[in-house]
Amino acid sequence: ENQDAAPEKAATTASSRIQTDDTAADGAPPITIKAQYVKDLSFEAPTTPSIFSAIQKKQPDVDVNINIDHRSLEDDNIEVTLEFEVRCSTDDDIVFIIELQYSGVFTINVSDEHFQPVLFIECPRLLFPFARNILATITREAGFSQMMLGPVDFVTMYQNQLQQMATKNSGS
């Protein structure tokens, strides 16, 4: 029995020394979430209660804008903020407006070449489900149909941002 246990322990020890793409050279995880929180939240429904009958007759239009912001903090931490502006309206009236800033404090431990993609793709991807839940809860509690945002392609958002920056720099 004792001989069988020894190889398992040796294999476990050996595998823990192997560096994977998921860990940095110092063994730290590539992304650590230190905190996440609502930084700012505003909800307005200026035309209630009359708007309830209007949206029963005609489906309102919903426009969602998402931006990503970040700032450096002390101790190599970075605050990443998802900024949502949601405008729901009919042809004539505003149904509701939501502005949400949902933030997280991250430590990012990756090579320089991977830092920007992690900052603008992976960190927002980790925050998004929580922000989506807040938006759904707010609309439901305000008496409207629960707004469930579909998945967001943060890779494409990042690539579009890089293209915009390249175009702006080549035009200067």
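From a predicted model like this one, the values you see are computed outputs, not experimental measurements.

Peer 1: What is the right way to look at the overall build of the chain in this model?
Peer 2: The helix and strand tally for the chain stands at four helices and four strands. Reading the helices (α) and strands (β) of the chain from amino to carboxyl end gives α-β-α-β-β-β-α-α. Considering the chain as a whole, with its 172 residues, one finds that 27% of them fall into the buried category. Once local pairs closer than 6 in sequence are excluded, the contacts in the chain between residues at least 24 apart make up 67%. Accessible surface for the chain amounts to roughly 11,300 Å². Of this, 48% is attributable to carbon and sulfur atoms.

Peer 1: I keep staring at the side chain of Asn77 and nothing clicks. Help me out?
Peer 2: Mapped onto the fold, Asn77 is located in strand 3 (residues 77-89). Of the residues examined, Asn77 reaches a relative accessible area of 12% and is grouped as buried.

Peer 1: Can you help me understand the nonpolar core in this one?
Peer 2: For soluble globular proteins, the rule of thumb is that nonpolar side chains tend to be buried together. Counting residues in each nonpolar core, the largest one holds 32 residues, and the members touching the most others are Phe84 and Leu135. Of all the elements in the fold, those that place two or more residues in this core are helix 2 (50-57), strand 3, strand 4 (94-108), helix 3 (112-141) and helix 4 (154-171). The biggest single contributor to this core is helix 3, with eleven residues. For Phe84, the residues in contact, after removing those within four places along its chain, are Asn65, Ile66, Ile98, Glu99, Leu100, Phe128, Ala131, Leu135 and Leu149.

Peer 1: In this structure, what is going on with the confidence of the model for the chain? I would like to understand it.
Peer 2: Low-pLDDT portions of the prediction should not be read for the details of their coordinates. Counting all residues, the mean pLDDT for the chain is 86, and 84% of those residues have values of 70 or more. Per-element confidence in the chain ranges from a low mean pLDDT of 34 for helix 1 (residues 2-17) to a high of 98 for strand 3. Note on residues 1-23: pLDDT under 50 across the span, and six contacts to partners over four residues away in sequence or across chains.

Peer 1: Before we go on, may I ask you to explain the packing of helix 3 against helix 4 in this structure?
Peer 2: A pair of packed helices is characterised by two quantities: the angle between their axes and the separation of those axes. As a packed pair, helix 3 and helix 4 sit with axes 9 Å apart at the nearest point and diverge in direction by 145 degrees. The chirality of how helix 3 crosses helix 4 is right-handed. Note on element contacts: helix 4 touches helix 3 through Phe154, Val155 and Tyr158, opposite Gln116, Pro117, Phe120, Ile121, Pro124, Arg125 and Phe128. Within the contact of helix 3 with helix 4, the residues separate by chemical class into eight nonpolar, one polar and one charged.

Peer 1: What am I meant to see in the environment of Ser111 here?
Peer 2: Along the chain, the position of Ser111 falls in the loop between strand 4 and helix 3. Given a relative accessible area of 35%, Ser111 falls into the partly exposed group. Each C-alpha atom, one on Ser111 and one on Pro30, is 9.2 Å from the other, the two residues being 81 residues apart in sequence.

Peer 1: It is not clear to me how the packing of aromatic side chains should be interpreted in this structure. Could you clarify?
Peer 2: Two numbers describe a pair of aromatic rings. These are the distance of the centres and the angle of the planes. Under the criterion given, the structure shown has six aromatic pairs. Consider the rings of Phe84 and Phe128, whose centres lie 6.3 Å apart with planes at 35 degrees: the pair is tilted. Of this pair, Phe84 sits in strand 3 while Phe128 sits in helix 3, placing them 44 residues apart in sequence. Of the residues examined, Phe84 reaches a relative accessible area of 3% and is grouped as buried. For Phe128, a relative accessible area of 5% corresponds to the buried category. Here the aromatic rings of Phe96 and Phe144 are separated by 5.1 Å at their centres, their planes lie at 50 degrees, and the arrangement is tilted. With a gap of 48 residues between them, Phe96 in strand 4 and Phe144 in the loop between helix 3 and helix 4 connect regions that are remote in the sequence. Classification of Phe144 as buried rests on a relative accessible area of 7%. Taken together through their ring pairs, the aromatic side chains of Phe43, Phe52, Phe96 and Phe144 make up a single cluster.

Reading the values: the criteria
Residues numbered from 1 in each chain as written. Predicted model: local features only at pLDDT ≥ 70, side-chain atom pairs only at ≥ 80, totals over all residues. Heavy atoms only, no water. Helix = DSSP H or I, 4+ residues; strand = E, 2+ residues; numbered from the N terminus. Buried < 20%, exposed > 50% of the residue type's maximum accessible area, 1.4 Å probe, protein only. Contact = heavy atoms within 4.5 Å. Areas by Shrake-Rupley, 256 points an atom, 1.4 Å probe, with all protein chains shown as cover. Core = buried A, V, L, I, M, F, W, Y, C linked by side-chain atoms within 4.5 Å. pLDDT = per-residue confidence, 0-100. Axes fitted to C-alpha atoms, helices over the stretch in contact; angles between N-to-C directions. Left-handed = near helix turned anticlockwise from the far one by under 90°. Nonpolar A, V, L, I, M, F, W, Y, C, P; charged D, E, K, R; others polar. Phe/Tyr/Trp six-rings, centres within 6.5 Å; stacked < 30°, edge-to-face > 60°.

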